[in-house]
Amino acid sequence: MNPASEANQVLTQLDRNSIANRGIPIETIEHQLAIFRCGIPFTTITRPCTISDGINQISDSEFPKLEKAFRKALGSGRVTIFVPASGAASRMFKSLLAYCTEETSSSPLPPDEKANLEKFLDRLPDFAFYEDLAKTLASQGRKVEDLIAKGNFKPILETLLHPTGLNYAGRPKGLIAFHRYANHNRTPIEEHLLEAAAYAKAANNAAYVHFTILPKHVKAVQELIQSARQRFAQDDINWVVTFSLQKTSSDAIAVDMDNQPFRDQEGNLLFRPGGHGALISNLSDLQGDLIFIKNIDNVAHDHLKEKTYIYKRSLGGYLVSIQQTLFEHLHQLEEKILTTVELDNMVQWAEDALHFMIPQDWKGWDLKRRADYLGKFFHRPIRVCGVVKNTGDPGGSPFWVRHDDGTTSIQIVESSQVDPYSTKEQDIFASSTHFNPVDMVCGVRDYKGNPFDLNQYIDPNSWFISQKSYKGRELKALELPGLWNGAMAKWHTILVEVPQATFSPVKTVFDLLLPAHQPQ
């Protein structure tokens with residue numbers, strides 16, 4: 001039985017109406033249900049990317065040339081900053097939220113949660129949000145010091161985390177006070193704006209920044225940005241800020257543990273957000289040119305930013321330089337029939353710069369077929385990804401991946417994509433030397449200046465299935481191919497090593513106590 005006929009048996013007309021109202025083609029739902037039933041094939045990794053085997057290093061002598069190439073592109077207004085900023089801050093405060101639900105008077109905290117709470121209270125004045133917390137408690141007639149002295153911790157945490165106070169557990173990360181400065185505090189959104197002004201300002205003094213946010217946060221984000229314009233007003237900077245929302249058409253259907261459509265108490269289908277992979281559509285809709293992508297929480301205090309700016313400009317210059325040669329080759333392929341020598345030189349460059357693999361029967365092809373094949377290979381989006389040395393951070397790492405047709409390519413691979421029962425594959429994954437910090441610049445226009453339809457370069461077999469719950473009932477959720485994983489699988493991918501100092505994410509509230517987030 002094919003997927004369509006199976007779906008026809010489980011979906012009612014009301015289901016189909018609900019699906020249509022979300023803007024999701026019924027064929028997409030049929031495909032999603034088939035994925036749940038059949039499973040997702042694991043990624044075949046052959047070896048980790050290492051220095052000189054997939055990962056490039058920038059020498060001191062290259063920096064001036066790369067910066068010059070980048071500044072030329074920047075001056076013509078080609079650069080945009082793209083920041084996925086819809087992620088909730090609830091995970092940052094997971095250990096503190098656990099305390100809020102504990103009946104500490106009758107049930108002692110586990111040792112690890114107790115240690116986290118003690119550390120948080122001991123270092124509380126070192127957090128940038130301390131003053132706002134203390135002020136809010138004072139409005140309730142309470143003092144932080146008195147509450148801590150009495151061992152009455154819950155009012156502090158509830159005021160910080162709950163809607164009746166600062167509601168930090170309900171805010172997006174972009175609206176959390178991360179950094180303290182002499183006369184103000186800054187959120188990640190403000191830090192991204194100031195970073196854009198420092199390294200991505202065009203000749204007309206405009207810095208183009210795009211945030212993806214949730215509908216419920218639009219007003220708060222707009223108010224923060226308006227406040228930032230006034231607070232950081234500069235004669236030589238004009239922030240051009242745009243927003244987009246994750247589309248409901250990117251939601252995925254959920255299923256029960258028997259892979260049947262999950263239904264709520266009223267019998268309605270349950271849909272869940274498709275994960276950050278859904279943002280490939282937002283990125284494509286932006287129709288930019290050179291787009292920097294960086295996570296909302298990967299921002300550092302001012303005293304550590306200069307190295308970040310140097311490498312941002314260098315990554316941009318690296319892409320522009322590769323792109324220039326790539327476009328020249330595409331124009332040549334379009335304008336004339338190339339000689340064997342010209343094609344061989346082109347192939348040599350493609351092998352070195354873009355990891356091109358010559359097909360096994362290449363020597364039997366005539367010149368036209370070779371040229372057509374090269375043209376098709378060249379014509380795709382390109383990204384230059386900064387990678388840092390692996391120090392055990394959770395997330396994806398770069399690997400050489402073998403595909404069904406026998407070719408290999410560089411991909412960012414997550415642990416969930418690797419066969420957990422394959423000792424060989426697990427050993428390869430554990431041997432990765434570098435980590436993907438989501439610090440990249442993307443070229444999303446072709447050699448004629450036309451924007452690519454980025455939805456055409458997704459690997460449809462790189463979804464993620466995770467186990468979740470809904471009102472106490474277990475379910476399976478489906479996430480789209482990750483934005484920097486399967487959603488960019490068919491791009492040209494170039495890796496460049498960047499210093500650890502350019503990577504300062506905030507995954508838990510305690511990361512804000514690290515030197516990258518504290519005043520010098």
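Our structure is the block above this text.
Since this is a predicted model, take the numbers as computed values, not measurements.

(A) Structural view of the sheet that holds strand β14 (residues 408-413). Spatially, the 3 strands line up as an open sheet ordered β1-β13-β14, and their pairing is antiparallel. Edge positions in the sheet fall to β1 (44-48) and β14, since each of these pairs with one other strand and no more. Between one strand axis and the next, the sheet turns by 45° as a mean value, whatever way the strands run. Bridging between β1 and strand β13 (residues 397-402) involves 4 bridges; their strand directions are antiparallel.

(B) Fine view of the packing of aromatic side chains. For the structure on display, the rule yields 21 aromatic pairs. Between F399 and F429, the aromatic rings sit 5.3 Å apart at their centres with planes inclined by 15°, giving stacked as the arrangement. With F399 in strand β13 and F429 in helix α16 (residues 423-430), this residue pair connects regions lying 30 residues apart in the sequence. F399 sits in the buried class, given a relative accessible area of 0%. We note R186 situated over the ring of Y181; from NZ or CZ to the ring centre the distance is 3.7 Å.

(C) A look at helix α10 (residues 188-199). Between the first and last C-alpha of α10 there are 16 Å, a value that for 12 residues agrees with the 16 Å anticipated at 1.5 Å per step. For α10, the buried fraction is high: 11 of the 12 residues fall into the buried class. Turning to α10, its buried residues are P188, I189, E190, E191, H192, L193, L194, E195, A196, A197 and Y199.

(D) Fine view of the pairing of β14. Extensive coverage of β14 is indicated by the burial of 5 of its 6 residues. As paired strands, β13 and β14 are joined by 6 bridges and run antiparallel to one another. If you follow R402 over to β14, its bridge partner there is T408. The antiparallel pairing of β13 with β14 creates a hairpin that spans 5 residues between the two strands, and G406 there sits at a positive phi of about 90°.

(E) Local environment of the environment of Y470. Along the chain, the position of Y470 falls in strand β17 (residues 464-470). Judged by its relative accessible area of 21%, Y470 is partly exposed. C-alpha of Y470 to C-alpha of V401: the two residues are 69 residues apart in sequence and 35 Å apart in space. Not counting the four nearest positions on each side in its chain, Y470 is found in contact with F262, D264, Q265, L270 and L475.

(F) Structural context of the pattern of salt bridges. Tallied over the entire structure, the rule returns 23 salt bridges. Among the salt bridges present, the one from K305 reaches E191, with a minimum N-O distance of 2.4 Å. In this pair, K305 sits in helix α13 (residues 305-335) while E191 sits in helix α10, placing the two residues 114 residues apart along the sequence. For K305, a relative accessible area of 2% corresponds to the buried category. The exposure class assigned to E191 is buried, which follows from its relative accessible area of 0%. For K312, the salt bridge goes to D439, with nearest N and O atoms at 2.7 Å. Here the residue K312 occupies a position in helix α13, and D439 occupies one in strand β16 (residues 439-443), the gap between them amounting to 127 residues. The residues K312 and D439 share a single accessibility class, namely buried. Each of the salt bridges in this network shares a partner with another, and the network as a whole consists of E67, R71, E306 and R313.

(G) Quick peek at helix α9 (residues 154-161). Within α9, 7 of the 8 residues are buried, leaving the element largely enclosed by the surrounding structure. Contacts made by the buried residues of α9 are with α5 (94-100), α6 (111-122), α7 (130-139) and α8 (144-149).

(H) Highlighting empty space enclosed by the protein. Applying the stated rule across the entire model yields 1 cavity of 30 Å³ or more. Of the volumes computed, that of the largest cavity is approximately 30 Å³. Of the residues that constitute the lining of the largest cavity, the class distribution is 3 nonpolar, 1 polar and 3 charged.

(I) Spatial organisation of the nonpolar core. Grouped together as the largest cluster of nonpolar side chains are 70 residues, with contacts concentrated most on I189, L193, F211, W239, L354, L374 and F378. Sorting elements by how many residues they give to this core places α13 first, with 11 residues. Excluding residues that lie within four positions of it along the chain, F378 makes contacts with L326, H329, L330, L333, M346, W349, A350, L354 and H492. Counting residues in each nonpolar core, the second largest holds 35 residues, with L121, L147, L166 and V299 among its members.

(J) The arrangement of the packing of α10 against helix α11 (residues 218-231) in detail. Running from amino to carboxyl end, α10 crosses α11 at an angle of 50°, the nearest separation of the two axes being 10 Å. As far as their axial angle goes, α11 and α10 are oblique. Relative to α11, α10 is oriented so that their crossing is right-handed. Each of I189, E190 and L193 in α10 lies in contact with α11, whose residues at this interface are V221, L224, I225, A228 and R231. Of the residues assigned to the contact of α10 with α11, the class counts are 6 nonpolar, no polar and 2 charged.

Criteria and thresholds
Residues numbered from 1 in each chain as written. Predicted model: local features only at pLDDT ≥ 70, side-chain atom pairs only at ≥ 80, totals over all residues. Heavy atoms only, no water. Pairing = 2+ DSSP bridges. Helix = DSSP H or I, 4+ residues; strand = E, 2+ residues; numbered from the N terminus. Axes fitted to C-alpha atoms, helices over the stretch in contact; angles between N-to-C directions. Phe/Tyr/Trp six-rings, centres within 6.5 Å; stacked < 30°, edge-to-face > 60°. Buried < 20%, exposed > 50% of the residue type's maximum accessible area, 1.4 Å probe, protein only. Lys NZ or Arg CZ within 6 Å of the ring centre and 35° of its normal. Expected span 1.5 Å × (residues − 1). Contact = heavy atoms within 4.5 Å. Salt bridge = Lys/Arg side-chain N within 4 Å of Asp/Glu carboxyl O. 1 Å grid on protein atoms, 1.4 Å probe; cavity = no way out; pocket = protein on both sides within 12 Å on 5 of 7 lines; lining within 4 Å. Points joined across faces, edges and corners; volume = space filled by probe spheres on them. Nonpolar A, V, L, I, M, F, W, Y, C, P; charged D, E, K, R; others polar. Core = buried A, V, L, I, M, F, W, Y, C linked by side-chain atoms within 4.5 Å. Parallel < 35°, antiparallel > 145°, perpendicular 65-115°, else oblique. Left-handed = near helix turned anticlockwise from the far one by under 90°.

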